[in-house]
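The residues making up each chain are set out below.
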Amino acid sequence: MTKTGIADRAPAKSAQDTTAIKTGVPTALAAVGLVWLAVTLAVARGTLHGSSGDVALSTAALSLPALVQAAVFAGIAAGFATTIGIARTRTRVLAGFGTGLAVGVLAFGTVLLGYGLERGLETAVASAIGVAALLGGGIGALRPARMLQTGLIVTLPVIVLGYVVGHFSEPLLKLFGYDGTVASRYSASGYIGFTEALIQGLIAGIVAFVLLRRGGPLPIKDNRIVFVAYAFAGALPGLIIGLSEVLTRGGAAWLIDMTTTFSKYDQVLFGWGNGNRANQALVVFFIGALASLILYGRTIKKPAA
């Protein structure tokens, strides 16, 4: 009787966890992620196709962070959509990694077959993207479901803001003090990067809190885990950026190393880019988590004396 009771309660808990998930939202998020990855791969192919030598290495190193970031998001979103109805943890995790693997294999094959790069170069790029999608699929199996769905939703405005800032980088540089000198450009870029990350973190934390709060109480009795859920939802955009940076450096470290041996300019360019992305990830992660936690903490009623 005891075993039967436990088995009967597990699906009910899972059903309660997904009650507030609107029909079609996980599928829509997966579609957005896959389209984003496809567009990013297409843009990178247009830039890299037929390139060789120093130019191909430098261009690949510059394109890799955006490709890996898109692969991580696509893996998480696809893994979440695939596992949304799976109650058993082990099965859900395996399904999540399997979905991420499928996305990674498609991206891997796209780079190998469609980019026309040198063998070692295309393997490095394809491997980094494939591993990113695989790990993303595993993250997509995390629960509670509303926590992960909220984190994916708040990632979208964070990423869009990043693209907008990049598009208007020159006017923003002048606004932040760029006067034509190398030193002023470096200083202005730092101010822009910090301001962008701060705003992204605040957006992530505030929107995460609002979405989770509007959905009603999470089906968790332990309030400490509820705090973790709110923090994770606000921190997920920073986690995606940070994981992308780790995979970019680790999975294709030799590519970056080869590129930076060409000139002092390359060393400064890639060193600045790596540091800027790492700082952005940390700021977005902690500000997003803290903002969501603080807002949630203010809603908790103090116990009666």
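Residues numbered from 1 in each chain as written. Predicted model: local features only at pLDDT ≥ 70, side-chain atom pairs only at ≥ 80, totals over all residues. Heavy atoms only, no water.

Caption draft 1: Representation of the overall build of the protein. Helices and strands together make up the secondary structure of the protein, namely eleven helices and zero strands. Reading the secondary structure of the protein in the N-to-C direction produces α-α-α-α-α-α-α-α-α-α-α. The proportion of buried residues among the 305 residues of the protein is 44%. The long-range fraction of contacts in the protein, counting pairs at least 24 apart against all pairs at least 6 apart in sequence, stands at 82%. For the protein, the exposed area adds up to about 15500 Å²; of that, 68% sits on carbon and sulfur atoms. (Helix = DSSP H or I, 4+ residues; strand = E, 2+ residues; numbered from the N terminus. Buried < 20%, exposed > 50% of the residue type's maximum accessible area, 1.4 Å probe, protein only. Contact = heavy atoms within 4.5 Å. Areas by Shrake-Rupley, 256 points an atom, 1.4 Å probe, with all protein chains shown as cover.)

Caption draft 2: Expanded view of the nonpolar core. Within the largest apolar cluster, 52 residues are counted, with the highest numbers of intra-cluster contacts made by L37, L41, V72, I129 and L152. Counting residues per element, the ones that place at least two in this core are α2 (25-48), α3 (53-83), α4 (89-114), α5 (119-139), α6 (145-167), α8 (182-214) and α9 (223-251). With twelve residues, the top contributor of residues to this core is α3. Within the second largest apolar cluster, five residues are counted, among which are A197, I241, A281 and V284. (Core = buried A, V, L, I, M, F, W, Y, C linked by side-chain atoms within 4.5 Å.)

Caption draft 3: Quick look at the packing of aromatic side chains. Evaluation of the coordinates by the stated rule reveals five aromatic pairs. Aromatic pair Y230 and Y296: ring centres 4.2 Å apart, planes at 20 degrees, arrangement stacked. Here the residue Y230 occupies a position in helix α9, and Y296 occupies one in helix α11 (residues 264-297), the gap between them amounting to 66 residues. Connected via pairs of aromatic rings, a cluster forms that spans F209, F227, Y230 and Y296. (Phe/Tyr/Trp six-rings, centres within 6.5 Å; stacked < 30°, edge-to-face > 60°.)

Caption draft 4: Main features of α8. Under the 1.5 Å per step criterion, the end-to-end length of α8 is 48 Å for 33 residues, consistent within 8% with the ideal 48 Å. A positive backbone phi angle near 90 degrees is found at G216, which sits one or two residues after α8. (Expected span 1.5 Å × (residues − 1).)

Caption draft 5: Here's a closer look at a nonpolar patch on the surface. On the surface, F194, L198, L202, I206 and V210 cluster together into a nonpolar patch covering about 400 Å² of accessible area. Counting through the fold element by element, L202 comes out in helix α8. (Patch = residues over 30% accessible without salt bridge, like charges linked within 9 Å, V, L, I, M, F, W, Y side chains within 5 Å. Salt bridge = Lys/Arg side-chain N within 4 Å of Asp/Glu carboxyl O.)

Caption draft 6: Structural view of the environment of G250. Here G250 lies in helix α9. Separated by 122 residues in sequence, G250 and A128 place their C-alpha atoms 8.5 Å apart.

Caption draft 7: Structural view of the side chain of Q69. Along the chain, Q69 falls in helix α3. Among the residues examined, Q69 registers a relative accessible area of 16% and is labelled buried. Beyond its immediate sequence surroundings of up to four residues, Q69 is in contact with W36, I159, I240, I241 and S244.

Caption draft 8: Region of interest: the confidence of the model for the protein. Averaged over all residues, the pLDDT of the protein is 81; the fraction at 70 or higher stands at 76%. In the predicted structure, residues 1-12 sits below a pLDDT of 50 and forms one contact with residues beyond four places in sequence or in another chain. (pLDDT = per-residue confidence, 0-100.)

Caption draft 9: Seen up close, the side chain of Q280. Positionally, Q280 belongs in helix α11. Leaving out residues up to four positions away in the same chain, Q280 has contacts with E196, A197, Q200 and I241.

Caption draft 10: View of unusual backbone geometry. Cis geometry marks the peptide bond from R143 to P144, where omega comes out at 15 degrees. Of note, P144 is situated in the loop between α5 and α6.

Caption draft 11: Structural context of the packing of α6 against α8. The contact between α6 and α8 brings their axes to 9 Å, and the two run at 150 degrees. Overall, the two elements α6 and α8 adopt an arrangement that is roughly antiparallel. Remark: the crossing between α6 and α8 carries right-handed chirality. Counted together, R146, M147, T150, I153, V154, P157, V158, L161, G162 and V165 of α6 and I192, E196, I199, Q200, I203, A204, V207, A208, L211 and L212 of α8 form the full contact between these two elements. When its residues are assigned to classes, the contact of α6 with α8 shows 15 nonpolar, three polar and two charged. (Axes fitted to C-alpha atoms, helices over the stretch in contact; angles between N-to-C directions. Parallel < 35°, antiparallel > 145°, perpendicular 65-115°, else oblique. Left-handed = near helix turned anticlockwise from the far one by under 90°. Nonpolar A, V, L, I, M, F, W, Y, C, P; charged D, E, K, R; others polar.)

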